[in-house]
Amino acid sequence: MSTGSTADDLAAHAAERVRDLPALLQALVRGVGALRRPTSQLVGIATGGAWLAERLQAELALPGEHGVLSSAMHRDDFAQRGLSAREPTRLGFDVNGAHIIVIDDVLYTGRTIRAVVNELYDYGRPASVTLAVLIDRNGRELPIQADFAAARVELPANNMVALRRDAAGVLSVVIEKQPS
Amino acid sequence: MKILIKGGRVIDPASGLDQVCDLAVAAGRIVSIGAAPSDFHANKTIHAVDCVVAPGLVDLAVRLREPGHEHAHMLQSEMAAAVAGGVASLVCPPDTDPVLDEPGLVEMLRFRSEKLHQCRVFPLGALTRGLRGEVLTEMVSLTQAGCIGFGQADVPLPTLHMLSRALQYASTFGYTVWLHPQDRDLGSGVVASGPLATRMGLSGVPVVAETIAIFSIVELMRAAGARVHLCRISSAAGLELVRKAKAEGLPLTCDVSIHSLHLIDTDIGYFDSRSHLRPPLRQQRDRDAIRRALADGTIDALVSDHSPVDEDQKTLPFAESEAGASAVELLLGMALKWAEDGGVELRRALQVLTSAPADIMTGGLDAVRCGAGRLTVGGLADVCVYDPNAEWMINADTLRSQGKHTPFSGYAMRSKVRCTIVGGYLAFEA
Amino acid sequence: MLYRRNPQLNKNGELVHLLSIEGLPASILRQVLDTAESFVSVNDREVKKVPLLRGRSVFNLFFENSTRTRTTFEIAAKRLSADVINLDIARSSASKGESLLDTIANLSAMAADIFVVRHGESGAPYLIAKHVAPHVHVINAGDGRHSHPTQGLLDMFTIRHYKKDFSNLTVAIVGDVLHSRVARSDIHGLTTLGAAEVRVVGPKTLVPADLAQMGVRVCHNLKEGIRDCDVIITLRLQNERMSGALLPSAQEYFMSYGLTREMLQLAKPDAIVMHPGPINRGVEIASDVVDGTQSVILPQVTFGIAVRMAVMSLVAGNEAN
C-alpha cells in the first residue's frame, strides 16, 4: 500500500537511522558487551559480520581471534545460485559446550542465520548461541530474531541495505534500490 | 526421350568448349551442341539460363553398401543421392559384404543397379579373395562380369610378396590395380600422427605409413609393368613420391577425397566422430600441397569417398566409431569451392570430376566408358546441369543418403544440381 | 571450420561438465582450487558432511576398473550428502552388447544428476556429455590416454599448497607421458596457471618430441630433466609397457629414469615429490623417496577428496542453459 511518496519517506527515514555509523558501532559494542559471558566466543558471518567481529574483538579487548562463519555449505539456495565463493569457516575453538555470539551486519530474511547455525552444528554442540546485528530490517521469512540490534529499520519493497568496506578499511552503510 | 537444354553455359573440360548455347539429347546420345536441328521437337525442355551444363560427373569412390547392408533400399537411396549430386557414373569399391570377389556377386550388383535406372555403376573387383591378401581372385572372370579394375579398398595391403604377384598378374591382362597407400603395421591409428594425436591421446597414423606404401607400390609396379591408381592421397610427402613416379613416365594416377582437400586434423574438434575418416585428416601443410597438386595435375581426380555410416556406428567414442562420411552429394560443390578459394579455372575444377576420372576408369576399350565424362556430338548423353549460385545448408534434412554424417554438416554449400541426365534419361530433376 | 563452444562451459562461461583441463580459463581452475580449500576443512569437522548435494544422485560409471579413484569420488559425493550409485559397467549391460548411449539413456531415466565416468577410449565423456539431458553433469574420471582432470586439479592444488606461486616454478613430469592422461592434464594445468617451465622426461619411445607443442620442454635425460626442479611428478609405469616393444625391462627403466635419493639431490633442496598412484616401488621411484620427507604423495590423496567435492558442487550449482 505504499505510494511513491510513502516509500520514499520510508527510505529516507531508514537512511536517517543509519546515517551515524560510528554511533551504531558504539551501540553494537555496548550491546555485545552486555550479552557477553566470560568465556563467550565472537564469530562473525562472512563477510560483513566478520568485519564487525574484528572490530568488536579489538574494541572489547578480547583475547585471541574472532571466528568466521561461512553460510556457503548450508545455504538453502544452492540449486538456484550455485556455490558462493567467500571466506571459509574458521573457528579456532571447540564448539562443544561453547557460548557463541554470532555477529552479522544485516538481519533480513533470517535464512543466513539458519544456515550458519547448521554450520556451527557440524562442529559440535554449543552451550548457547546468541545473535547480535548492526541492522535489523523488515522482511523476515523464518522465525529468527536478534538478541541485540544497533538499529531497527523498515525499508520499502526492492530496497536493500548493506555494509561496505572500502580499500582503506573504512566501513559505510548503503541503502540501494534494487532493479525489480 | 528428346530433351533440349536451353541457354546454359556448356562446358566440356576435355575439349575446352565453353559457350552459352543449347544442347539437344535424343536416344541416349547428344544430338547437337549449339543450335538444335530445325526438326528437333523436344519432349522435355530444361531452361538452363544462368546454369552450367557439364558432362555428368564421374565419381571414382562411392560405397553403395550393397551387397551386405542391413538397411532396406540402401542401393536405391545411395544411387538417388549420387544422381542428386550430378553423378552419372560411379565406381564402387570391393569391400562389400560379401566382398566382390565372385563374378556372380558382380553380376548381381550390376543387374540390380541397372534396374533402378539412376546412374551407371562400375564395380572394382577384389584383388584377393575376401580381401584377405592370401589368394588372388579370378580377375579375368571378374572383368568379364563387369569389373573395371581391382583393389583392396582400405584393407591394409597384403604382404609385399603378394602385392608383387597381384601386380604381375593384373598387368598380364592390362588391368588397373587400385591401391590405398597405407602400410599395414604403421597405418593402424585413427587420426594423423602429430601434436594433435599426442594431445588428444588418440593413436596416430604417421606420414611414413603412406610414403613407405607409395614407395613400395612404385618399385613393384615398375618391375611388373603394371598400371596403378592410388586412392586417397593424404600427405605432402606422398605427393612428392607421386610426382617423381609420374616424371619417370610410370602409368600411375591418383585421386584425393573432398575431405582431405578441405579439412585438417584440428577439424576433429572435441572428438567429433564425423571427422573419423580413412585416411585420416592431416595437417595444414598437407592440405596446401593437395590443393596445389590437384590444380597442377599431380592429382588426377577428385572423389567423394562416399561411405555412409549408420547412426549407431558414429555415436561411439572416436576410436570405436566407424570411419567414413556421406559425401556424394557434396562432390560438385566442394570442387567448385576449392576452385573459387584457390583461383583455379572452372574448366580444371570440372575436369577433375569428369574427363580425368573417366580416363582413369577406362584404361581400355568400352565405348560406353569412353563416352563418360565428356560432351561430344554423337557421344553419350550423360549431362549435369547445375546452378552455380543457389545456396543450401548441409544437414541431416537436406542429405538424401541414408547416412547422415559428414564433417561438413552445418556448412553452407553454393551450387545446386538442377538435373542429371544419364544415357539420355532424366535420372534426377530438382 | 565451424566455431565450437567448449562443451564444458555454459553460455555464461560457467563450468557445467568437467571433461578436460584443456580449454578452461585460469579463472575457472582457480575457482575450483579456492572452493577445494573450503572443503579441506570439512574433513576436519566432527560432522564431515555438508548438505550441498542432498537429494542429488551421483552415478559412478566406470567402464574401466579402478577401486581407488571410484572410492575417492564416492567419499567426496557422500560428504556432500549426495546419494551414490556405483555401476560396474564391465560386468553389466555393456558386455551384453548394449551400446554406450543406450546405457546412458537408461541411467538418465533413473534420475541421475551427475555421471562420473571413467572409460578406456579417449573422448568417450565428450560423447556422453553431448547426449545427456540438460540438467545432468558429466565429470571425467579418466578417458583413455586423453585426460584425468580431477587428478590434474588435485596435483595443482597440492603444488599451490606447498609452493604458493606457479610463476617461478620448474616442474618435471617423469615417465610414460605418451600413455598418461594424468601427464596431459598436469601439463594443461601447469601451463594454464603459468608455471615458469614444465619439462617432460623419459625415453623417446615414451616421450615423443611433438609433446613440445603442448608448451613443454622435452628431455630424454633424467639428470638434465630434474636439475633445479621445484616439483617432480613421477608417473606410474604400466606393466604392459615394461617388457615389450617400448621398453626392454623395468630394471633398465629404473636405472635410467628411476627417481632415487641420489637423483633427487639434483633438484632444489625443498623440491616436492608427487605421484598419482598406484606406486611401483623400485620401478619409477625408489622406496626411500616414497617414504622420504620430500614426498607429498599421501597429502595428494587427502586433497583429492576436497578437489572432487569442489568439482561436484561447482558443476551441480551451474545450469546447462
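Structure: above.
Residues numbered from 1 in each chain as written. Chains lettered and ligands numbered in written order. Predicted model: local features only at pLDDT ≥ 70, side-chain atom pairs only at ≥ 80, totals over all residues.

1. Remarks on the overall build of chain C
Piece 1. When helices and strands are counted, chain C shows 12 helices and nine strands.
Piece 2. Computed over C-alpha atoms, the radius of gyration of chain C comes to 19 Å, within 12% of the 20 Å expected from 2.2 N^0.38 for 321 residues, which places it in the range of a compact globule.
Piece 3. With the principal axes as the frame, chain C shows a C-alpha extent of 55 × 45 × 45 Å.
Piece 4. The 321 residues of chain C split such that 51% are buried.
Piece 5. Of the contacts made within chain C by residues no fewer than 6 positions apart, 76% connect residues no fewer than 24 positions apart. (Helix = DSSP H or I, 4+ residues; strand = E, 2+ residues; numbered from the N terminus. Rg over C-alpha atoms; globule rule 2.2 N^0.38 Å. Buried ≥ 20, exposed ≤ 12 C-beta atoms within 10 Å, placed from the backbone. Contact = placed C-beta atoms within 7 Å.)

2. Examining helix H11 (residues 331–342) of chain B
All names here are of chain B.
Piece 1. Look at H11: 17 Å from first C-alpha to last across 12 residues, which is about the 16 Å you get at 1.5 Å a residue.
Piece 2. Within H11, the full set of buried residues consists of Leu331, Leu332, Gly333, Met334, Ala335, Leu336 and Trp338.
Piece 3. One or two residues past the end of H11 sits Gly343, with phi positive at roughly 65°. (Expected span 1.5 Å × (residues − 1).)

3. Comments concerning the interface of chain C and chain B
Piece 1. Tallying the contact residues gives 24 residues for chain C and 19 residues for chain B.
Piece 2. Those elements that provide at least two residues to the side of chain C that touches chain B are helix H3 (100–108), helix H4 (124–131) and helix H6 (181–192) of chain C.
Piece 3. At three residues, H4 of chain C tops the list of elements feeding residues into the side of chain C that touches chain B.
Piece 4. Here the side of chain C that touches chain B is composed, by residue class, of 11 nonpolar, seven polar and six charged. (Nonpolar A, V, L, I, M, F, W, Y, C, P; charged D, E, K, R; others polar.)

4. Digging into the sheet that holds strand S5 (residues 148–153) of chain A
All names here are of chain A.
Piece 1. A sheet is described by the order of its strands in space; here five strands give the open sequence S2-S1-S3-S4-S5, paired in parallel fashion. In this open sheet, the two edge strands, each paired with only one partner strand, are strand S2 (67–69) and S5. Recorded for the sheet is a direction-independent mean angle of 25° between the axes of neighbouring strands. (Pairing = 2+ DSSP bridges. Axes fitted to C-alpha atoms, helices over the stretch in contact; angles between N-to-C directions.)

5. Quick look at the arrangement of the chains
Piece 1. The interface with the most contacts, out of two pairs of chains in contact, is the one formed by chains B and C.
Piece 2. No part of chain A reaches chain B; the closest C-alpha pair between them is 27 Å apart.

6. Focus: the sheet that holds strand S5 (residues 170–174) of chain C
Residues and elements named next belong to chain C.
Piece 1. Reading across from one edge, S7-S6-S5-S8-S9 is the order of the five strands in this open sheet, with parallel pairing throughout. Because the sheet does not close on itself, it has two edges, and the strands there are strand S7 (217–219) and strand S9 (272–274). Ignoring which end each strand starts from, the neighbouring axes of this sheet average 20° apart.
Piece 2. Of the pairings in the sheet, the one linking S5 to strand S8 (residues 231–234) comprises four bridges and is parallel in character. Bridged to Ile173 within S8 is Ile233.

7. Comments concerning unusual backbone geometry
For residues other than glycine, phi is negative in most cases, and the peptide bonds are mostly trans.
Piece 1. With omega at 0°, the peptide bond leading from Arg278 of chain B into Pro279 of chain B counts as cis.
Piece 2. By the element assignment, Pro279 of chain B lies in the loop between helix H8 (258–262) and helix H9 (284–296).
Piece 3. The omega torsion across Gly277 of chain C and Pro278 of chain C is -10°, close enough to zero to call that bond cis.
Piece 4. Mapped onto the elements of the fold, Pro278 of chain C is located in the loop between S9 and helix H11 (287–290).
Piece 5. Of note in this structure, His117 of chain B is not a glycine but carries a positive phi near 55°.
Piece 6. Secondary-structure assignment places His117 of chain B in the loop between helix H2 (103–115) and strand S8 (120–123).
Piece 7. On the basis of neighbour counts, which here come to 13 C-beta atoms within 10 Å, the residue His117 of chain B falls in the partly exposed class.
Piece 8. Although it is not a glycine, Ala153 of chain B adopts a positive phi angle of roughly 50°.
Piece 9. By the element assignment, Ala153 of chain B lies in the loop between strand S10 (150–151) and helix H4 (160–172).

8. Here we look at the packing of helix H6 (residues 207–224) of chain B against helix H7 (residues 236–247) of chain B
Residues and elements named next belong to chain B.
Piece 1. One way to put it is that H6 packs onto H7 with a least axis distance of 8 Å and a crossing angle of 15°. By the angle between their axes, H6 is roughly parallel relative to H7. Between H6 and H7 lies a crossing whose hand is right-handed. Seen from H6, the contacting residues are Val207, Glu210, Thr211, Ile214, Phe215 and Val218; seen from H7, they are Ala237, Gly238, Leu241, Val242 and Ala245.
Piece 2. For the contact of H6 with H7, the residue count by class is eight nonpolar, two polar and one charged. (Parallel < 35°, antiparallel > 145°, perpendicular 65-115°, else oblique. Left-handed = near helix turned anticlockwise from the far one by under 90°.)

9. Thoughts on the interface of chain A and chain C
Piece 1. On the chain C side, the residues contacting the 13 residues of chain A number 16 residues.
Piece 2. Tallied by class, the residues present in the side of chain A that touches chain C amount to seven nonpolar, five polar and one charged.

10. Focus on the pairing of strand S19 (residues 425–429) of chain B
All names here are of chain B.
Piece 1. In the sheet, strand S18 (residues 412–422) pairs with S19 via four bridges, with the strands oriented antiparallel. Bridging from a neighbouring strand, Val422 pairs with Tyr425 of S19.
Piece 2. Between the end of S18 and the start of S19, which pair antiparallel, lie two residues, with Gly423 showing a positive phi angle near 60°.

11. Structural notes on the nonpolar core
Piece 1. Val177 and Leu331 of chain B together with Phe115, Ile232 and Met312 of chain C are the most contacted members of the largest nonpolar core, which has 251 residues in total.
Piece 2. Per-element tally for this core: the top contributor is helix H12 (residues 297–316) of chain C, with 12 residues.
Piece 3. Grouped together as the second largest cluster of nonpolar side chains are 47 residues, Val95, Ile101, Val133 and Val161 of chain A included. (Core = buried A, V, L, I, M, F, W, Y, C linked by C-beta atoms within 7 Å.)

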